[in-house]
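Understanding the architecture of this molecule
Chain by chain, the residues run as shown.
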Amino acid sequence: PEWWGAVADDPRTDSHPGLTAALAAHPAIALGSGSYFISQTWEIDRSDRQIHGIGGRSKDLRATRIVLVGATGTVVRVGTERDPGGINASVTSIDMRRIELVRSLAPRRTATAATGLRLVHVLNSVFEDIRANEHEIGFSMSGVVHSFLRDCAAFRSITNGAADESFVGFALTEPAPTTGANNASIYL
């Protein structure tokens, strides 16, 4: 993604355009170690894509992090908010691995929850070693079919001090189900 303008570890640079352009041009992208700061939700709405980071399990490696600047919104959304009209028209074959999804500020409650990874209308996909840290909802799934979340974790330690503050690690069918938005065969 650096070829397309993304810059790791520079909070002054919005890496969203570079990440989006790289994924549009290539079916597979490799993210380096460090933090990629984005100003808005990174939307992955094309099928047959691989997004692999370095990970962060070893003390010798720095994690690959996608950092949403701000306290609201979703860091990464895979799929489309609009109903595709049938399961076979869903976004399919996404392979995302070894990435930490965070935000720059403690999450703030709004009409839409501050979410790490939102999966909506997704089929036959794999999400492995994804860390969703410091969100209201770590992982939100709606209309997800035959997909795997392996070794994924949600964690929250930062508080914003609000009386109605909440945390959900994994939300299935969030928000309330709509036509075509029911989950089936999710493997956690």
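Refer to the structure presented above.
Reference entry: report on the structure contained in this document.

Procedures and definitions
Residues numbered from 1 in each chain as written. Predicted model: local features only at pLDDT ≥ 70, side-chain atom pairs only at ≥ 80, totals over all residues. Heavy atoms only, no water. Helix = DSSP H or I, 4+ residues; strand = E, 2+ residues; numbered from the N terminus. Buried < 20%, exposed > 50% of the residue type's maximum accessible area, 1.4 Å probe, protein only. Polar contact = N/O pair within 3.5 Å; in protein donor to acceptor, adjacent residues only side chain to side chain. Phe/Tyr/Trp six-rings, centres within 6.5 Å; stacked < 30°, edge-to-face > 60°. Patch = residues over 30% accessible without salt bridge, like charges linked within 9 Å, V, L, I, M, F, W, Y side chains within 5 Å. Areas by Shrake-Rupley, 256 points an atom, 1.4 Å probe, with all protein chains shown as cover. Salt bridge = Lys/Arg side-chain N within 4 Å of Asp/Glu carboxyl O.

**Looking at the environment of Ser-140**
Tracing the backbone shows Ser-140 in strand β11 (residues 137-150). Residue classification places Ser-140 among the buried residues on the basis of a relative accessible area of 2%. Remark: the alpha-carbon pair of Ser-140 and Val-120, spanning 20 residues in sequence, is separated by 8.1 Å. Within the structure, the side chain of Ser-140 is placed 3.1 Å from the side chain of Arg-118, a separation counted as a polar contact.

**Here's the deal with the packing of aromatic side chains**
Counted under the stated rule, the structure contains two aromatic pairs. On the basis of an interplanar angle of 5° and a centroid distance of 4.7 Å, the ring pair of Phe-139 and Phe-170 is categorised as stacked. A residue pair is termed long-range when its members are at least 10 positions apart, and Phe-139 in strand β11 and Phe-170 in strand β13 (residues 168-172) qualify at 31 residues. Accessibility expressed as a relative area gives 35% for Phe-170, which makes it partly exposed. Relative to Tyr-187, the ring of Phe-148 lies with its centre 4.6 Å away and its plane at 15°, an arrangement referred to as stacked. On the criterion of sequence distance, the pair formed by Phe-148 in strand β11 and Tyr-187 in strand β14 (residues 184-187) is long-range, its members being 39 residues apart.

**Description of unusual backbone geometry**
Despite not being glycine, Asp-48 has its phi angle at roughly 55°, a positive value. You can call Asp-48 partly exposed: its relative accessible area is 49%. Non-glycine residue Asp-151 carries a positive phi angle of around 50°. Among the secondary structure elements, Asp-151 is positioned in the loop between β11 and β12 (153-155). Residue class for Asp-151 comes out partly exposed when judged on its relative accessible area of 47%.

**Considering a nonpolar patch on the surface**
A cluster of nonpolar side chains, namely Phe-170, Leu-172 and Leu-188, defines an oily patch on the protein surface of about 310 Å² accessible area. Within the secondary structure layout, Leu-188 lies in the segment after β14. For Leu-188, a relative accessible area of 62% gives the class exposed.

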